[in-house]
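Structure assessment
Here are the chains, one letter per residue:
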Amino acid sequence: MDHPWDRRLGFWWIAEDHPDCPAVVASPSSVVLTFGELAARSHQIVHALRARGIGPGQIVAYALPNDVDPLYWQLATQESGLQYISLNPALSGPEIRT
């Protein structure tokens, strides 16, 4: 390696090359995840979305608490080619529908 940037970078490459390295070390719910665990949970969401016929180019919206869940969804949408809208979880149902 001639330069530090000559190696594979990005979340998915790190998860593949170093699955046991810590990715999330602190969260409101005290969840701690390695890159491999984070990638696996994101893959589960991708598979669930595909099973429901949701695919590349479509838009998903979610209202999740400030914790690790939005991270799973952001990675899953990135991997699957989806676009996402993150909604404020403090909004009521009628506020979200408008």
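Refer to the structure above for everything that follows.
Quick summary incoming for the structure in this document.

The rules behind the values
- Residues numbered from 1 in each chain as written.
- Predicted model: local features only at pLDDT ≥ 70, side-chain atom pairs only at ≥ 80, totals over all residues.
- Heavy atoms only, no water.
- Helix = DSSP H or I, 4+ residues; strand = E, 2+ residues; numbered from the N terminus.
- Core = buried A, V, L, I, M, F, W, Y, C linked by side-chain atoms within 4.5 Å.
- Buried < 20%, exposed > 50% of the residue type's maximum accessible area, 1.4 Å probe, protein only.
- Contact = heavy atoms within 4.5 Å.
- Pairing = 2+ DSSP bridges.
- Right-handed = clockwise from strand over helix to strand, strands pointing away.
- Phe/Tyr/Trp six-rings, centres within 6.5 Å; stacked < 30°, edge-to-face > 60°.

It is worth spelling out unusual backbone geometry at this point. Here the phi dihedral of Ser30 falls at roughly 70 degrees; this positive angle occurs in a residue that is not glycine. Position of Ser30 among the secondary structure elements: in the loop between strand 1 (22–24) and strand 2 (33–34).

Among the nonpolar cores identified, the biggest contains 16 residues, and Phe11, Leu38 and Tyr72 are the most heavily contacted of them. Counting residues per element, the ones that place at least two in this core are helix 1 (11–17), helix 2 (35–51) and helix 3 (69–80). Sort the elements by how many residues they give to this core and helix 2 lands first, with six residues. Each residue touching Phe11, except ones within four places of it in the same chain, is listed here: Phe35, Leu38, Ala39 and Leu75.

Strand direction decides the pairing type here: strand 3 (residues 59–62) and strand 4 (residues 83–86), joined by four bridges, are parallel. Looking at strand 4, one finds that Ile59 is bridged to Gln83. For the handedness criterion, the β-α-β arrangement of strand 3, helix 3 and strand 4 is classed as right-handed.

Residue position: Ala39 is located in helix 2. Given the relative accessible area of 6%, Ala39 is considered buried. Expressed as a C-alpha distance, the spacing of Ala39 and Ala15, which sit 24 residues apart in the sequence, is 6.5 Å. Leave out the neighbours within four places in its chain, and Ala39 touches Phe11, Trp12 and Ala15.

As a further point, take the packing of aromatic side chains. For any pair of aromatic rings, geometry is given as the distance between the ring centres together with the angle between the planes. For the coordinates displayed, the defined rule picks out four aromatic pairs. Residues Tyr62 and Trp73 carry aromatic rings whose centres are separated by 5.7 Å and whose planes lie at 45 degrees to one another, so their mutual orientation is tilted. Highlighted residues: Tyr62 in strand 3 and Trp73 in helix 3, separated in sequence by 11 residues. On the basis of relative accessible area, Trp73 is assigned to the partly exposed category, the value being 23%. For the ring pair Tyr62 and Tyr84, a centre distance of 5.6 Å and an interplane angle of 20 degrees mean the geometry is stacked. Separated by 22 residues along the polypeptide, Tyr62 in strand 3 and Tyr84 in strand 4 bring together distant segments of the chain. Its relative accessible area of 36% is what places Tyr84 among the partly exposed residues. Through a chain of ring-to-ring contacts, three or more aromatic side chains come together here, namely Phe11, Trp12 and Phe35.

Functional significance is not addressed by these values, which are geometric in nature.
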